[in-house]
Amino acid sequence: MSAEAASPAPAPAPAPPPRRRARPRIDLRRLGRAALFAPALLGPASRDRLSDAIGHVADAHRAHHPDADLDVLHRAYVLAECSHRGQFRKSGEPYITHPLAVTLILAELGAETTTLTASLLHDTVEDTEVTLDQVGCAFGDEVRYLVDGVTKLEKVDYGAAAEPETFRKMLVATGNDVRVMSIKLADRLHNMRTLGVMRPEKQARIAKVTRDVLIPLAERLGVQALKTELEDLVFAILHPAEYEETRALVAADAGPDALAAIAEDVRGVLREARITAEVLVRPRHFVSVHRVRLKRGELRATDFGRLLVLVEEDADCYGVLGELHTCFTPVVSEFKDFIATPKFNLYQSLHTAVAAPDGAVAEVLIRTHRMHKVAEAGVVALGNPYAAPAHTDDPPAVAVALEGEEGKKGEGLTGPGVDPDGTEDGERHDPTRPGWLSRLLAWQRHAPDPDTFWATLRVDLAQDGEITVFCPEAGPLALPAGATCVDAAYAQYGEAAHDCVGARVNGRLAALSTVLADGDAVQLLLGHQPAAPVPASGPSPEWLDCAITPAARIAIGGWLAAHPPAPAADPVPTRADEPRAAVAAPDALPGRPRGSDRNTAGCAVLAGPPDALVRLARCCTPVPPDAVTGFAVRGGQVTVHRAACPAVARMADAGREAVAVGWGEASGCRVTLVAEAFGRPRLLADLTEAIATAGAAIVAATIEPPSEQRVRHTYTLRLADAAELPALMRVMRQVAGVYDVGRA
């Protein structure tokens, strides 16, 4: 049963005022309800009254499909009318008026016959004794699948999870046949139009779901005609004061039409250029006017609408653009080319703005008639995307817009032409399943909890826009705008991305939190080979702060929940004001003799007391064959520094006298190395294991806190032979995530 038939309360939603300017936008509000529903209100339909009852639907359908066979619509109407006979909506109208209205909406958008048949029957299985098997036997598997896709799940079976699970079911069905969501959007539009009979609190609840889920879906499917009216209806319910204020502003815009004057000038320019074009004034809907007002503060006379220029060929679009920019002053910042780079929802158009001689600025949309049809009706304009192409010389209008796009196989529910095991009767190229829908269907499988799915779905749909990045291994990768390297890693590798240690963006090392831009080249660095089993190491909790895609967040959250942090061992005591974490080394333990490194590196004083104790400076840890110099310190010791050590220059400037020192025959040495790496679990263990394998002893280690996913490890090591130092540094660089090793 539709939402409007649940609870009565007279609170009619304000109706939009009549529009003054003509426009080619598909206006789904223009038909009078009396004209549409008068036959249905007369009582049970007979065969001689049948054509009158769906006459408006048939006329709208034939306007887009002149050769359509209306017999199946007649049969569907008979079944729907008989099944819903005796049922009434809260408004008092016979229930059959609802499927009729939904079908008329889709017919106005140009939907094909199968979609209209399913829309007439979309509530029969849910609200009457008709079964899916009966629908399938009478109208075929396609209609059965569409009706099943939009049928709600029962609250008696699912309780509070009924609504999120119903939307999950619809989205999975949409993955196989996008016409499911077309019917749902038209169904919600008519329900929103008649929502005034509901209690105010229920109006608000339904309007919020419409705002958070269905309006973004309409936008992503490109059905602007449905999206704009839904936005206005939601605006009136959730923000009544702002709605009334905006409506008053639109109603007050009754003076001389500045846009009409500019439109006439544009027509003259195009006539002189011999470009055949239709120039129209396209008023903004209320939400659009409200957004412009918030952006600019004070509305101009030309802000209540835009100019729409329709031409026949793609090349004419650029011809019109050239004439406008030549004869008017263009506003360069407003130019956008969505023909060369279509939006992710199939939208194509040229956007620009020009200033007339009197200073009035008008926004202009330039597109072909084919582009306009797709811009208004979106996927509904595709007709039946799964039907075999007709053998004609001219390709379908929408097929041109979608040329080169290849869909993916459906999953979840079994759609028409798809076997239950997922195989198909031949390869199906589905242009109606864009990247965002494939990603949504992928992550929903990992969100079995209804609350998690519902919350994640709203967040996912709130992400506006899409970017494309390029990965050397995977090629183009579609991601939502604002995605980071973490999102790219999980989009490319799935759970194998748990071991991602870093990334290169456009050839430069970048933190995993780096936000990607459209066209970036991204190379993701894993701690293991992608084909190898996923290692025990996993993602850092900080990754949740920079991951925005549901697939990444669900995978990270699942791993963290399955691998809770182990209890921390007793920490090594450190000074309270020490910002670095120190790791104790064997030489630092109590009872161990200190200063055992003196004179063991073979460094001897060449000028001065021959028995002077020599201490290698810890600031630069010189090793053979470094050039070295020494300075006498208190206690008769000589501290040896590398000649390039900054401390040498400071002591020379202070007037300290250098002591000549040189290397003896002993080969043992002590050295400090700095390893810079991308932070990841087990990095410390892997580095210390590599050092031990190379035969070096760790005297001390210092680990700086992570900064932008990067960490710095400083190790003081004792080597048996200074000649082993280059090999040791190579071994450390080979540890996953380490991108640089150098001397301190």
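## Focus on the overall build of the protein
- A tally of regular secondary structure across the protein gives 28 helices and 22 strands.
- Counting every position in the protein, which comprises 744 residues, the buried fraction comes to 51%.
- Taking the intrachain contacts of the protein between residues at least 6 apart in sequence as the baseline, contacts between residues at least 24 apart amount to 69%.

## Notes on the nonpolar core
- Counting residues in hydrophobic clusters, the biggest one holds 83 residues, and the most contacted among them are M192 and L457.
- Ranked by residues supplied to this core, first place goes to helix α13 (residues 200–220) with eight residues.

## As for unusual backbone geometry
- One non-glycine residue with positive phi stands out, namely R274, at about 60°.
- Relative to the helices and strands, R274 resides in the loop between α16 (258–272) and β1 (278–283).
- In the Ramachandran plot, N506 falls in the positive-phi region, its phi being about 55° despite a non-glycine side chain.
- Residue position: N506 is located in the loop between β9 (500–505) and β10 (508–510).
- For N506, a relative accessible area of 49% gives the class partly exposed.

## Here we look at the sheet that holds strand β11 (residues 522–526)
- Strand order in this open sheet of three strands is β10-β9-β11, and the pairing throughout is antiparallel. Two strands lie at the open edges of the sheet, namely β10 and β11, each paired on one side alone. Strand-to-strand twist across the sheet, computed as the mean angle between neighbouring axes with direction ignored, equals 30°.
- With five bridges connecting them, β9 and β11 associate as antiparallel partners. Bridged to R504 within β11 is Q523.
- Docked against the sheet, helix α23 (residues 485–493) engages β9 and β11, running at close to 75° with respect to β11.

## Focus: the sheet that holds strand β14 (residues 613–616)
- Taken together, four strands build an open sheet; the order of strands is β14-β16-β15-β17 and the sheet is mixed. Two strands close off the open sheet at either side, each with one partner strand: β14 and β17 (658–659).
- Across two bridges, the pairing between strand β15 (residues 628–632) and β17 is antiparallel. Of the residues in β17, the one forming a bridge with G630 is V659.
- In this fold helix α26 (residues 646–653) packs onto β15 and β16 (637–642), with an angle of close to 125° to the strand it touches most, β16.

## Details of the pattern of salt bridges
- The full count for this structure, using the stated rule, is 29 salt bridges.
- The shortest N-O distance in the salt bridge between R144 and D133 comes to 3.2 Å. Here the residue R144 occupies a position in helix α9 (residues 141–150), and D133 occupies one in helix α8 (residues 132–139), the gap between them amounting to eleven residues.
- By relative accessible area, R144 is classed as partly exposed at 28%.
- With its nearest N and O atoms 3.8 Å apart, the salt bridge here joins D686 to R682.
- It is possible to trace a salt-bridge network through shared partners that takes in R284, R296, R300, D303 and E363.

## Considerations on the confidence of the model for the protein
- Counting all residues, the mean pLDDT for the protein is 77, and 76% of those residues have values of 70 or more.
- Residue range residues 391–431 is modelled with pLDDT below 50. Its contacts to residues more than four positions away, or to other chains, number 63 contacts.
- Taken as a whole, residues 568–601 scores under 50 in pLDDT and shows 43 contacts with residues more than four places along the chain or in a different chain.

## Some remarks on the pairing of strand β5 (residues 350–355)
- A large share of β5 lies buried, amounting to six of its six residues.
- Neither face of β5 is left uncovered, since the one carrying L350, T352 and V354 and the one carrying H351, A353 and A355 both have all their residues buried.
- Bridge analysis of strand β3 (residues 329–330) against β5 gives two bridges, and the strand direction is antiparallel. Within β5, the position partnered with P330 by the bridge is V354.
- Two strands pair when backbone bridges link them, and strand β4 (residues 336–337) and β5 are joined in this way by two bridges, in the antiparallel orientation. Along β5, the bridge assignment pairs D337 with L350.
- Bridge count for β5 against strand β6 (residues 361–368) is six bridges, and the pairing is antiparallel. Bridge pairing in β6 links V354 to A362.
- A loop of five residues connects β5 with β6, the two strands running antiparallel in sequence, and G359 in this loop sits at a positive phi of about 95°.

## Focus on the packing of helix α12 (residues 179–193) against α13
- Put simply, α12 and α13 touch, their axes get as near as 11 Å, and they point 145° apart. Crossing angle aside, the handedness with which α12 passes α13 is left-handed. Together, M181, K184, L185, R188 and M192 of α12 and I206, A207, V209, T210, L214, L217 and A218 of α13 make up the contact between the two elements.
- For the contact of α12 with α13, the per-class residue count stands at nine nonpolar, one polar and two charged.

## Brief notes about the environment of V659
- Tracing the chain through its elements places V659 in strand β17.
- Sequence separation between V659 and G630 is 29 residues; the distance between their C-alpha atoms is 4.7 Å.

## Observations regarding the packing of aromatic side chains
- In this structure the tally under the stated criterion is seven aromatic pairs.
- With centroids separated by 5.5 Å and ring planes inclined at 90°, the aromatic side chains of Y243 and F286 adopt a geometry described as edge-to-face. Note that Y243 is positioned in helix α15 (residues 240–252) and F286 in helix α17 (residues 286–296), a separation of 43 residues in sequence. As far as the burial class goes, Y243 and F286 line up, both buried.
- A ring pair is formed by F338 and Y347, whose centres lie 6.0 Å apart and whose planes are at 70°; its orientation type is edge-to-face.
- We classify F338 as buried; its relative accessible area is 15%.

Thresholds applied
Residues numbered from 1 in each chain as written. Predicted model: local features only at pLDDT ≥ 70, side-chain atom pairs only at ≥ 80, totals over all residues. Heavy atoms only, no water. Helix = DSSP H or I, 4+ residues; strand = E, 2+ residues; numbered from the N terminus. Buried < 20%, exposed > 50% of the residue type's maximum accessible area, 1.4 Å probe, protein only. Contact = heavy atoms within 4.5 Å. Core = buried A, V, L, I, M, F, W, Y, C linked by side-chain atoms within 4.5 Å. Pairing = 2+ DSSP bridges. Axes fitted to C-alpha atoms, helices over the stretch in contact; angles between N-to-C directions. Salt bridge = Lys/Arg side-chain N within 4 Å of Asp/Glu carboxyl O. pLDDT = per-residue confidence, 0-100. Left-handed = near helix turned anticlockwise from the far one by under 90°. Nonpolar A, V, L, I, M, F, W, Y, C, P; charged D, E, K, R; others polar. Phe/Tyr/Trp six-rings, centres within 6.5 Å; stacked < 30°, edge-to-face > 60°.

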